[in-house]
Amino acid sequence: MLDKISKSTELKPWRGNIPIYHRYTLGVAGERFFKALRDHKQILASACPNCRQRFIPPKIYCEACFEETRDWSTVEGPGYIKTFTVLHRSLEEEPLERPVVVALIAWSGVRGGLLHRLGEVDPSGVKTGLEVEPQWAEVRTGSMDDIQFFRPPLNS
Amino acid sequence: MRRALETPKELAFEAAKAALDDAGLTINDIDSVVAVTAPDAFDGVHMNTEYFADGAGAKGKPYMRSYVGGGSGVFGVINGWYHVASGHFDTCLVVAEEKMSSALPHPQGAFNAIYDQFLERPLGVNLLWIFALEMNRYMHTHQVPMETFARVAQKNKRNGMDHPSSQSGISGDFTIQQIMDSEVMAWPVQRLMVSPISDGAGAMVLASEEFVRKRGLSPVWIEGVGWNLDTSYWTDRDLYYPRYVEKAARMAYDMAGVTDPRRDIHVVEPYDPFAYKELHHLEGLQLADKGQAPRLVEEGFWDRDTEVGIPSTPSGGLMGVGNPIAAAGMMKVTEIFWQLQGRAGKRQVKREVRRGLAQAWGDLMQVGTVVILGK
């Protein structure tokens, strides 16, 4: 029972698909968040009326207090890199032409953060704690690509 | 090469039959069946456990699927335990299966669909990235050198050489340098510090005390079970520390009457899909202080032949045997079973063992599942 198959040519595969696709809703919080990105180049956080915790991405409820959030506000100042990775392979496991830097970007005093690419940085110079700002896209449609990437602040 | 020929039903059957044969039982002795897999998208069959349930011996029996993603292998045993502990069934056959070679061009495509459709998926996110981010956070917080992670990979890949189900090309006697020089996939994750894509199945028979006595079987007892879920917003978690594993472990320790895990747990199988994850989980399991599991690697504390430490992943684990996700969790429980029975052969740990722990982790990377077995 523990024999291994060692020749892939001996296998006869049958290819198939599951014939379905999905249309997802942005949701109450998501619609507000992406409209702010698109129309005002703003990153919105929501806050719990009970524990005052702010959240990015914003949500309509606080998981801890289980209360509905209110008090939406824009995050102030640059974010910082909480952690990052340098990618060398695609989703299909193909080698990438150039390494891509992806980071979890957080804002102090706000729980959570956004996952995004970094741009205008040398991968070897990226450090945890580095301050970053969004590079806004010219044409914005209400998606994460409304931010092209995050980069160190231009005035620093 | 992956074990690619068998269908999910066939994989389930081979594991279920092997477990029954080992216990000296037949399918007629089984009162209930629990089946588990991680996401259906790997096998490409929606409601996959229902599809392979006949291969798991469930025809004409009370059957239940339980599912906590990658944590399912260990959770299946927990679910089987309360089937029997409720007093409703004398026996329960738990079968875990996963067939990842069906998902093309790469199973990471299925993982992409576990993330938020708007915030994360457009970036082409996959598990390797997310764990590279988590590993970096762990490394940064505790200032762990890459060599330490390479040593974990070396240990597990060596241990895996003695496991009969080890996937070809996964286990082996690698040097630290070979591991350190392996391809960087998503820094700091390297090829030889991550588990492969695998197909496989595992199974276990659970029985009541009365049944065991009546049939004269030589069992290992389930002394404690625990499970816990962190927030599903991965961005909100303490990436450097698995609080959900700590909570699951404390639940299981309380039930088992374990007051000092470092004294009372003699062998451990933490979930090790990545080298850093073994250390991350050992800390969550309270078997090392925060940030200390890496230091203990250097002392050989987790090695199979340790006399003063706690042997960790004597099976070879996900890095040394393979990672058919739910089946890999089950493989960890079966390893503790064999270790406690003294039947692990060349994998048998050196020190005396009376109690062991198996742990898996999964869902949206936020669930911890723990089972404690004892003689």
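Structure first, text after, so check above.
None of the values given here were measured: they were computed from a predicted structure. (Residues numbered from 1 in each chain as written. Chains lettered and ligands numbered in written order. Predicted model: local features only at pLDDT ≥ 70, side-chain atom pairs only at ≥ 80, totals over all residues. Heavy atoms only, no water.)

Concerning the overall build of chain A
On a plain count of helices and strands, chain A comes out with one helix and nine strands. Taken against the 2.2 N^0.38 rule, which gives 15 Å for 156 residues, the C-alpha radius of gyration of chain A at 21 Å runs more than 25% over that of a compact globule. Taking the principal axes of its C-alpha atoms as reference, chain A extends roughly 60 × 40 × 35 Å. Pairs at least 24 residues apart make up 49% of the contacts formed inside chain A by residues separated by at least 6 positions. (Helix = DSSP H or I, 4+ residues; strand = E, 2+ residues; numbered from the N terminus. Rg over C-alpha atoms; globule rule 2.2 N^0.38 Å. Contact = heavy atoms within 4.5 Å.)

As for the environment of B:Gly316
Residues and elements named next belong to chain B. Assignment of secondary structure puts Gly316 in the loop between helix H13 (293–298) and helix H14 (317–320). Residue classification places Gly316 among the buried positions, given a relative accessible area of 0%. Linking Gly316 and Glu298, residues 18 residues apart in sequence, is a C-alpha distance of 18 Å. (Buried < 20%, exposed > 50% of the residue type's maximum accessible area, 1.4 Å probe, protein only.)

So, the sheet that holds strand S6 (residues 110–112) of chain A
Residue and element names in this part refer to chain A. Across the sheet, four strands lie side by side as S3-S1-S2-S6; this open sheet has mixed pairing. In this open sheet, the two edge strands, each paired with only one partner strand, are strand S3 (70–74) and S6. Each strand axis lies, on average, 35° off the axis of its neighbour in the sheet, ignoring direction. By the bridge criterion, two bridges tie strand S1 (residues 44–47) to strand S2 (residues 54–56) in an arrangement that is antiparallel. Pairing of Ser46 across the sheet is with Phe55, part of S2. (Pairing = 2+ DSSP bridges. Axes fitted to C-alpha atoms, helices over the stretch in contact; angles between N-to-C directions.)

Re the interface of chain A and chain B
Taken together, the contacts link 44 residues of chain A with 47 residues of chain B. Across the interface of chain A and chain B, roughly 4200 Å² is buried in total on both sides, 63% from carbon and sulfur atoms. One can count three salt bridges joining chain A with chain B. B:Arg191 is the partner of A:Glu93 in a salt bridge, and the nearest nitrogen-oxygen pair spans 2.6 Å. (Buried area = accessible area lost by both parts, 1.4 Å probe. Salt bridge = Lys/Arg side-chain N within 4 Å of Asp/Glu carboxyl O.)

Focus on the sheet that holds strand S3 (residues 91–99) of chain B
All names here are of chain B. Spatially, S2-S1-S3-S6 is the arrangement adopted by the four strands of the open sheet, whose pairing is mixed. Edge positions in the sheet fall to strand S2 (63–65) and strand S6 (199–207), since each has one partner strand and no second. Averaged over all adjacent pairs, the angle separating strand axes in this sheet is 15°, with direction ignored. Pairing of S3 with S6, which is carried by nine bridges, proceeds in the antiparallel orientation. Residue Cys92 lies in a different strand from S6, and its bridge partner there is Leu206. Of the strands in this sheet, S3 and S6 touch helix H1 (residues 8–23), which is tilted by about 40° from S6.

Observations regarding the pattern of salt bridges
One pass over the full model with this rule turns up 34 salt bridges over all chains. Taking the shortest distance from any N to any O, the salt bridge between A:Glu63 and A:Lys59 comes out at 3.5 Å. The partner of B:Asp21 in a salt bridge is B:Lys17, and the shortest N-O contact between them spans 3.9 Å. With B:Asp21 and B:Lys17 both in helix H1, this residue pair falls four residues apart, about one helical turn. Taking relative accessible area as the criterion, B:Asp21 reaches 47% and is therefore assigned partly exposed. On the basis of relative accessible area, B:Lys17 is assigned to the partly exposed category, the value being 36%. A single network of salt bridges, built from pairs that share partners, joins A:Arg89, A:Glu93, B:Glu183 and B:Arg191.

Quick notes on the pairing of strand S4 (residues 79–89) of chain A
Residues and elements named next belong to chain A. The element S4 is largely enclosed, with a buried count of eight among its eleven residues. Where S4 and strand S8 (residues 131–136) come together, two bridges link them in antiparallel fashion. Each residue of the ladder has a partner; that of Gly79, found in S8, is Val132. Pairing of S4 with strand S5 (residues 95–106), which is carried by eight bridges, proceeds in the antiparallel orientation. Note that in S5 the partner of Val86 across the bridge is Val101. The turn joining S4 and S5, which pair antiparallel and follow one another in sequence, is formed by five residues; a positive phi near 75° is taken by Glu93.

Digging into the environment of B:Gly87
Residues and elements named next belong to chain B. Along the polypeptide, Gly87 turns up in the loop between helix H4 (72–85) and S3. A relative accessible area of 64% places Gly87 in the exposed class. Separated by 121 residues in sequence, Gly87 and Ser208 place their C-alpha atoms 8.1 Å apart.

As for the packing of helix H6 (residues 127–142) of chain B against helix H12 (residues 275–284) of chain B
Residues and elements named next belong to chain B. Contact pair H6 / H12: the axes reach a minimum separation of 10 Å and the direction vectors enclose 60°. Relative to H12, the element H6 lies oblique. Here H6 and H12 pass one another in a crossing that is left-handed. Between H6 and H12, the residues in contact are Phe131, Glu134, Met135, Tyr138 and His142 and Tyr276, Lys277, Leu279, His280 and Glu283, respectively. Counted by class, the contact of H6 with H12 contains five nonpolar, two polar and three charged residues. (Parallel < 35°, antiparallel > 145°, perpendicular 65-115°, else oblique. Left-handed = near helix turned anticlockwise from the far one by under 90°. Nonpolar A, V, L, I, M, F, W, Y, C, P; charged D, E, K, R; others polar.)

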